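Chain by chain, the residues:
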Amino acid sequence: MAQRRWSFFMPAEEHGFIRALSDRYHGWFTPVGRVVLWAALATGFLLLGGLVTQLVLFFSFAFCALGLGLLVGLPFRPRVTLTRLLPPPVSAGDTLSYRVRVHNPGRRPVRHLLVEERALPAELRRVEEPPLIDVLAPGASTEVTLRLKCTTRGVYVLGALQVASVFPSGLVKGTRRSGATDRVLVYPRFTPLESLDVPHGRNHQPGGIAVASRVGDSTEFSGTRDWHEGDRPRDIHWPSFARTGRLVVKEYQEEFFVRLALVLDVQSRSRREDVVLERALSLAAGLADVLARQEYLLDVFAAGPRVFQFQAGRALAHVEHVLEILAALESGERLDVDALEAVLLPEASRLSAVLFVVTRWEPERAALVARLEARGVAVRVFVVHEEGPPEELAPEARRAA
């Protein structure tokens, strides 16, 4: 998951102290209560210039109204059960809409209910005011829709789901919290690609499709032929024998398929480089989507201080699994090219092509690409810039580095 780097110039809602104040401000007060609170604070500020009877009376009335609303609302705090019904993951920049089932197990109706998230991470933000349930009868259930703006890819935990009643004051919420937690996955933002021209050879992989689904060598059924001395009895095609009266055996052929490697440079040392890295992961998500829809085996290498490898494609996994990996990746302070070479070069004889997605092009990376090409592996390099579209480096540009 993307690491959050503190900066004085980061948006206000990303500062922990401001986020905590905002959480309590929205979690404790209704929209009308917020107006009363701000009016009381403004009146208190004016009182600093001198005591004015009308201002003192209004200031006292406003704060007494909020305090009294809190006290009279305590007996009406609702006792209900809450269950999130989460949809499939969304991409960064999208809005996550999901349902929350509210059930009243008690013997009395509960009135004026509000259901909302509390203690949200900075990357998930409320879109609108929580929906109001006017009355929920004893033993009844209903559902409300909540919406969160997902600004950044990652894996997040939703913990503090709050239910509150604004009855009877309508100013302050009488709250209870649910202890249930749920995991939310936010994919990287997609860079849409309609197609991708992948240069490759037809490298043979022992086991064909079976390498993606079970242990042991296998071949693909291609047809039948007459029995010859020495054929295995288990290869007899009994339906053909029953139809013709002659022994017929099944013929197999070894299957060939294409295995690709997608190498991601996750080096990032500043907030500016974090932005470029997110763009690189967006491009990688688009590449994985295109490749997963074709007959490829795909190895994903995430290269930073350590190198992680994940294989997908055909029967092994779908593009959703690749996106989960991209969502959970953490950036690193440096790229260990030696570690990447130690993992990648032994696989070179079984790879048809390697796709590099990097945020900078340096001599160490160029040397690794040259060694792969010397082993007969086709290579394509995509460099993601801070501004503008990604650039594919031509062979002569890679050698120039």
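**What about the overall build of the protein chain?**
Along the protein chain, the regular secondary structure elements total nine helices and 19 strands. Across the 401 residues in the protein chain, those meeting the buried criterion constitute 42%. Excluding contacts between residues fewer than 6 apart, the proportion of contacts in the protein chain whose partners are at least 24 apart in sequence is 72%.

**With respect to the sheet that holds strand S8 (residues 154-158)**
Strands pair in a sheet through their backbones, by hydrogen bonds, and they do so in one of two ways: parallel or antiparallel. Strand order in the open sheet formed by three strands is S2-S11-S8, and the pairing between neighbours is mixed. Both edges of this open sheet fall to strand S2 (90-91) and S8, since each of them pairs with a single strand only. Pairing of S2 with strand S11 (residues 182-187), which is carried by two bridges, proceeds in the parallel orientation. Looking at S11, one finds that valine 90 is bridged to valine 186. With respect to the sheet, helix H6 (residues 319-328) is in contact with S8 and S11, its orientation differing from that of S11 by roughly 95 degrees.

**Observations regarding the packing of aromatic side chains**
Using the criterion set out here, one finds three aromatic pairs in the structure. Relative to phenylalanine 63, the ring of phenylalanine 59 has its centre 4.9 Å away and its plane inclined at 55 degrees; by these criteria the two rings are tilted. Placement of the pair is phenylalanine 59 and phenylalanine 63 together in helix H3 (residues 53-73), with a separation of four residues, close to one helical turn. A centroid spacing of 5.0 Å and a plane angle of 80 degrees characterise the contact between phenylalanine 76 and phenylalanine 167, whose relative ring orientation is edge-to-face. With phenylalanine 76 in the loop between H3 and strand S1 (81-85) and phenylalanine 167 in the loop between strand S9 (160-165) and strand S10 (174-178), this pair connects stretches of sequence that are 91 residues apart. Overall, the relative accessible area of 39% leaves phenylalanine 76 in the partly exposed class. Above the plane of the ring of tyrosine 25 lies arginine 34, whose end atom (NZ or CZ) is 5.5 Å from the centre.

What counts, and where the lines are drawn
Residues numbered from 1 in each chain as written. Predicted model: local features only at pLDDT ≥ 70, side-chain atom pairs only at ≥ 80, totals over all residues. Heavy atoms only, no water. Helix = DSSP H or I, 4+ residues; strand = E, 2+ residues; numbered from the N terminus. Buried < 20%, exposed > 50% of the residue type's maximum accessible area, 1.4 Å probe, protein only. Contact = heavy atoms within 4.5 Å. Pairing = 2+ DSSP bridges. Axes fitted to C-alpha atoms, helices over the stretch in contact; angles between N-to-C directions. Phe/Tyr/Trp six-rings, centres within 6.5 Å; stacked < 30°, edge-to-face > 60°. Lys NZ or Arg CZ within 6 Å of the ring centre and 35° of its normal.

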